[in-house]
Amino acid sequence: AQLAKGAAGVTRTSNGKPADLQRYGNGRIPAAALETIGVGEHRLWSPAAGAFKRMRADARAAGVDIGVTDSYRSYEQQVDVARRKGLYSQGGLAAKPGTSDHGWGMSLDLDLNGRALSWMRANAGRYGFKEDVPREPWHWTFKPGS
């Protein structure tokens, strides 16, 4: 796979996935290869975790609370979510297992009130996060420089 070096030295493959995690595969990344984000047991790809921690601290300083309901998902968890919530392509809320950005430790599902959602929409891009799934204002993915 072709590599592209993005913002903050983040190296991704030509399809935008974390180059340093490719050897594991989507949803097969060991916990030790991911970084905690400081909320419960939630983990992400290291560059995404660092950016999220900075973003959350800045939001908190602005009086905004960003909660987290989901982060990295194993392949088995992706299968479970697809079973429970249906596939996005069929009107549901889940990516086909093995294709989710949650399985690369790049996506978060956030618990956002109206003020927090407005803050995210105004500021998240500065930290590399994008609201990238129509119908899911809680879903944010780390895509620096894209």
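Up top you'll find the structure we're talking about.
Draft legend 1. Fine view of the overall build of the chain. Helix and strand content of the chain: three helices and eight strands. When the backbone C-alpha atoms are referred to their principal axes, the chain occupies close to 40 × 35 × 25 Å. Burial statistics for the chain: of 146 residues in total, 47% are counted as buried. A fraction of 57% describes how many contacts in the chain between residues 6 or more apart in sequence connect residues 24 or more apart. Of the roughly 7400 Å² that the chain leaves accessible, carbon and sulfur atoms contribute 50%.

Draft legend 2. Seen up close, the side chain of Asn-26. Among the secondary structure elements, Asn-26 is positioned in the loop between strand S2 (11-13) and strand S3 (35-36). Since its relative accessible area comes to 8%, Asn-26 is described here as buried. A distance of 2.8 Å separates a polar atom in the side chain of Asn-26 from the backbone oxygen of Ser-100. With sequence-adjacent residues up to four places away left out, Asn-26 is seen in contact with Tyr-75, Gln-78, Gly-98, Thr-99, Ser-100, Gly-103 and Trp-104.

Draft legend 3. Here's a closer look at the packing of aromatic side chains. Evaluated as defined, the whole model comprises four aromatic pairs. Cluster of aromatic residues (ring-pair linked, three or more members): Trp-45, Phe-52, Phe-129 and Phe-142.

Draft legend 4. The nonpolar core, seen in detail. Membership of the largest hydrophobic core comes to 32 residues, with the highest contact counts inside it found for Phe-52, Ile-66, Leu-110, Met-120 and Phe-129. Listed by contribution, the elements that provide at least two residues to this core are helix H1 (46-61), strand S6 (107-111), helix H3 (114-123) and strand S8 (139-142). Ranked by the residues each element gives to this core, the list is headed by H1, at six residues.

Draft legend 5. Structural context of the environment of Arg-83. Relative to the elements of secondary structure, Arg-83 occurs in helix H2 (residues 75-85). In this structure, the C-alpha to C-alpha distance between Arg-83 and Ala-94, residues eleven residues apart in sequence, is 8.6 Å.

Draft legend 6. Broad picture of the pattern of salt bridges. Tallying each qualifying case throughout the model produces nine salt bridges. Residues Arg-73 and Asp-109 are paired through a salt bridge, measuring 2.9 Å at the closest nitrogen-oxygen approach. Of this pair, Arg-73 sits in the loop between strand S5 (67-70) and H2 while Asp-109 sits in strand S6; the two residues are 36 residues apart in sequence, bridging distant segments of the chain. With relative accessibility at 10%, the residue Arg-73 sits in the buried group. With a shortest N-O distance of 2.8 Å, Asp-80 and Arg-84 are connected by a salt bridge. Placement of both Asp-80 and Arg-84 in helix H2 is noted, with a separation of four residues, approximately one turn of the helix. Residue class for Asp-80 comes out partly exposed when judged on its relative accessible area of 28%. Within the structure, one salt-bridge network assembled from shared partners comprises Asp-70, Arg-73 and Asp-109.

Draft legend 7. How the structure looks around unusual backbone geometry. Backbone geometry at Arg-135 places phi at a positive 75°, although glycine is not the residue there. Relative to the helices and strands, Arg-135 resides in the loop between strand S7 (129-130) and S8.

Draft legend 8. Spatial organisation of H1. The end-to-end C-alpha distance of H1, which contains 16 residues, comes to 23 Å, matching closely the 22 Å that a straight helix rising 1.5 Å per residue would cover. Those residues of H1 that sit buried are Ala-48, Ala-49, Gly-50, Ala-51, Phe-52, Met-55, Arg-56 and Ala-59. The first or second residue beyond H1 is Gly-63, which carries a positive phi of 80°.

So, how was this worked out
- Residues numbered from 1 in each chain as written.
- Predicted model: local features only at pLDDT ≥ 70, side-chain atom pairs only at ≥ 80, totals over all residues.
- Heavy atoms only, no water.
- Helix = DSSP H or I, 4+ residues; strand = E, 2+ residues; numbered from the N terminus.
- Buried < 20%, exposed > 50% of the residue type's maximum accessible area, 1.4 Å probe, protein only.
- Contact = heavy atoms within 4.5 Å.
- Areas by Shrake-Rupley, 256 points an atom, 1.4 Å probe, with all protein chains shown as cover.
- Polar contact = N/O pair within 3.5 Å; in protein donor to acceptor, adjacent residues only side chain to side chain.
- Phe/Tyr/Trp six-rings, centres within 6.5 Å; stacked < 30°, edge-to-face > 60°.
- Core = buried A, V, L, I, M, F, W, Y, C linked by side-chain atoms within 4.5 Å.
- Salt bridge = Lys/Arg side-chain N within 4 Å of Asp/Glu carboxyl O.
- Expected span 1.5 Å × (residues − 1).

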